[in-house]
Amino acid sequence: MSEKPFILVTNDDGIHAKGLRELVEVMHFFGDVAVISSEVSMSGKSCAITVDQPLRATEIEKILGVPTYKSTGTPVDSVKLSFNSLFERTPDFVVSGINHGANSGISVIYSGTMGAAIEGSLHGVPSIGFSLDDYSADADFSKAKIVVAKIFQSVMENGLPPFTCLNVNIPQGK
């Protein structure tokens, strides 16, 4: 019997963001999930890494029963910690989001959500950044979760070319 895939979930909106919890809920159906995110919002941090202080990852209360860590670093730092020291298994997938607000056009360059997904892909791991075009803290993710599940299922079945990540923007109400 084969192991379930190990799915790393992260974001740039911080460990307490509603979109992160919603993404964990979806990914839980597809494999073994672990979460790591910054203590605070790191929107706009792009592919930044922390070089001037030690990084810390602290286990906190589980989100929906999955191991959950808060990081003192950026979204990319969180992914790096996951690959280099935090877990015994290397992630099979990296999923970032669900971001509060779109990551399209030039925003892709500045997005911490996409920075984390890009970092996963640089490790050769299929990675996806998900964003909902709704900036409100209490955004309705119910329809977005359906889109996330369909796209993730397709990536699991069909794969992605090496060193590729997807940027998925979900319109509000779709």
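Keep in mind that this is a model prediction, so the values were computed, not measured. (Residues numbered from 1 in each chain as written. Predicted model: local features only at pLDDT ≥ 70, side-chain atom pairs only at ≥ 80, totals over all residues. Heavy atoms only, no water.)

Caption draft 1: Summary view of the packing of aromatic side chains. Per the stated rule, a full pass over the model turns up four aromatic pairs. The interplanar angle of 80° and the centroid separation of 5.6 Å between the aromatic rings of Tyr-69 and Phe-87 together place this pair among those described as edge-to-face. Highlighted residues: Tyr-69 in strand E4 (residues 66-71) and Phe-87 in the loop between helix H2 (75-86) and strand E5 (93-100), separated in sequence by 18 residues. You can call Tyr-69 buried: its relative accessible area is 13%. On the basis of relative accessible area, Phe-87 is assigned to the buried category, the value being 17%. (Phe/Tyr/Trp six-rings, centres within 6.5 Å; stacked < 30°, edge-to-face > 60°. Helix = DSSP H or I, 4+ residues; strand = E, 2+ residues; numbered from the N terminus. Buried < 20%, exposed > 50% of the residue type's maximum accessible area, 1.4 Å probe, protein only.)

Caption draft 2: Quick peek at the pairing of strand E6 (residues 127-132). Where burial is concerned, most of E6 is hidden: six out of the six residues are buried. The pairing of E5 with E6 spans five bridges and is parallel. Residue Ser-96 lies in a different strand from E6, and its bridge partner there is Gly-129. Where E6 lies against strand E7 (residues 165-170), six bridges are found, and the strand directions are parallel. The residue of E7 that forms the bridge with Phe-130 is Val-168. (Pairing = 2+ DSSP bridges.)

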